[in-house]
Amino acid sequence: MAGRGVVGPTALRMMLGSHLRELRERAGVSRTDAGWAIRASESKISRLELGRVGFKERDVSDLLSLYGMVDARERERLLDLAREANDPGWWHRYGDVTPDWFDAYLGLEVTADLIRSYEIQFVPGLLQTAGYARAVARLSPGESRTDAEIERIVALRTRRQRVLDREPPLKFWAVIEEAVLHRPIGGPGVLREQLTALREAVTRPNVTIQIIPLHSTGHAATGGAFSLLRFPQRDLPDIVYLEHLTSALYLDKRDDVEAYTHALDLLASTSPSPQHTNEELTRLLNDLP
């Protein structure tokens, strides 16, 4: 996998799991027998192959032996991948202020080369100003965060935005409901700063924003906000990310991904073109009190 570029541990686990599944199927070994070989259950093998749990180097070595992997270089390459997949990402240091289910997304975000997003409530995290992010952090239900915790959340969000400046930069395409840009989260001053930042963001070649007008009569994405992540690695499928109040879903089945991709394509084709976004943001800024 030469030329992997920046790859987070979540993506590494998925890549290794995909390779192990391919080797197991080629060897004609059932998940039950594979589980027996590493003193685990069939469901554990399924989770390993989906990249949803960490890998023990000993387990990977035993599975490679079971699958007849005799190529020493390839065997060592996969064991190296297992070691890398267990290294925590830079965001691990913010684990005290982020839920466990969000860690997986952060690992995918740093690996993706394209993220397409549909937003109905907030400005996308990758485009939020510190003031806006701080106001959003204070909205979390059922939690009473300290000022220090909120600042750590803001620091994490700001650190995430570096993917837009790396080389090559992440391509980010957001379709945003206009109502999001009227909502004065944090107050009029914070909103003004955020709209100004968005107007600057759309001048970047790797950032595209489309705004669905308030008078829109409806569209295909009726189920809520979601993101579609695409990766440069051939052995990583596109993934749809759906965030809920206390959990998240990661969809990679072809039918699911195609349905959400189709919805995004419809949204993009039926919304005002990106060329009108700067004009719309200027109008929204001028309308602020």
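Above this text is the structure in question.
All of these numbers come straight from a predicted model, not from anything done at the bench.

Parameters and conventions
Residues numbered from 1 in each chain as written. Predicted model: local features only at pLDDT ≥ 70, side-chain atom pairs only at ≥ 80, totals over all residues. Heavy atoms only, no water. Salt bridge = Lys/Arg side-chain N within 4 Å of Asp/Glu carboxyl O. Helix = DSSP H or I, 4+ residues; strand = E, 2+ residues; numbered from the N terminus. Buried < 20%, exposed > 50% of the residue type's maximum accessible area, 1.4 Å probe, protein only. Phe/Tyr/Trp six-rings, centres within 6.5 Å; stacked < 30°, edge-to-face > 60°. Lys NZ or Arg CZ within 6 Å of the ring centre and 35° of its normal. Expected span 1.5 Å × (residues − 1). Pairing = 2+ DSSP bridges. Axes fitted to C-alpha atoms, helices over the stretch in contact; angles between N-to-C directions. Arc of directions from axis to C-beta.

(A) Region of interest: the pattern of salt bridges. Going through the model one piece at a time under the given rule, you end up with 20 salt bridges. Residue Arg116 is joined to Asp265 by a salt bridge in which the shortest nitrogen-to-oxygen separation is 3.0 Å. Note that Arg116 is positioned in strand β1 (residues 114–119) and Asp265 in helix α10 (residues 254–270), a separation of 149 residues in sequence. Among the residues examined, Asp265 registers a relative accessible area of 38% and is labelled partly exposed. Its salt-bridge partner being Glu151, residue Arg134 comes within 2.7 Å of it at the nearest N-O pair. Of the two residues, Arg134 sits in helix α7 (residues 130–137) while Glu151 sits in helix α8 (residues 147–160), which places them 17 residues apart along the sequence. Residue classification places Glu151 among the partly exposed positions, given a relative accessible area of 36%. Connected via shared salt-bridge partners are Arg39, Arg58, Asp59 and Asp62.

(B) Quick look at the packing of aromatic side chains. Overall, the coordinates contain 8 aromatic pairs when judged by the stated rule. With centroids separated by 5.4 Å and ring planes inclined at 85 degrees, the aromatic side chains of Trp90 and Trp91 adopt a geometry described as edge-to-face. Here Trp91 falls in the buried class, since its relative accessible area comes to 5%. With centroids separated by 4.8 Å and ring planes inclined at 70 degrees, the aromatic side chains of Phe226 and Tyr260 adopt a geometry described as edge-to-face. Of this pair, Phe226 sits in strand β4 (residues 226–230) while Tyr260 sits in helix α10, placing them 34 residues apart in sequence. A relative accessible area of 4% places Phe226 in the buried class. Aromatic ring contacts, followed pair by pair, group Trp101, Phe102, Tyr105, Tyr241 and Tyr250 into a single cluster. If you follow Arg159 out to its NZ or CZ, it ends over the ring of Trp90, 4.2 Å from the centre.

(C) Representation of helix α1 (residues 9–27) in the model. With 19 residues, α1 should reach 27 Å at 1.5 Å per residue; the first-to-last C-alpha distance of 27 Å fits that figure. Along α1, 14 of the 19 residues are buried, which leaves the element largely enclosed by surrounding structure. Residue Gly28 follows α1 closely and has a positive phi angle near 70 degrees.

(D) Here's a closer look at the sheet that holds strand β2 (residues 171–177). Taken together, the 6 strands give an open sheet; going across it, the order is β3-β2-β1-β4-β5-β6, and neighbouring strands pair in mixed fashion. Looking at which strands have only one partner, the edges of the open sheet turn out to be β3 (207–212) and β6 (248–251). Each neighbouring strand pair of the sheet contributes to a mean axis angle of 15 degrees, computed without reference to strand direction. Inspection of the sheet shows β4 paired to strand β5 (residues 239–243) by 3 bridges, in the antiparallel sense. Bridge pairing in β5 places Leu229 opposite Ile239.

(E) Expanded view of helix α3 (residues 42–49). If you check which residues of α3 are buried, you get Ile45, Leu48 and Glu49. On an axial view of α3, the arc spanned by its buried residues comes to 95 degrees, and they lie on one face.

(F) Representation of unusual backbone geometry within the structure. Across the junction of Glu167 and Pro168, the peptide omega takes the value -5 degrees, indicating a cis bond. Tracing the sequence through the fold places Pro168 in the loop between α8 and β2. One non-glycine residue with positive phi stands out, namely Arg39, at about 60 degrees. You can see Arg39 is positioned in the loop between α2 (31–37) and α3.

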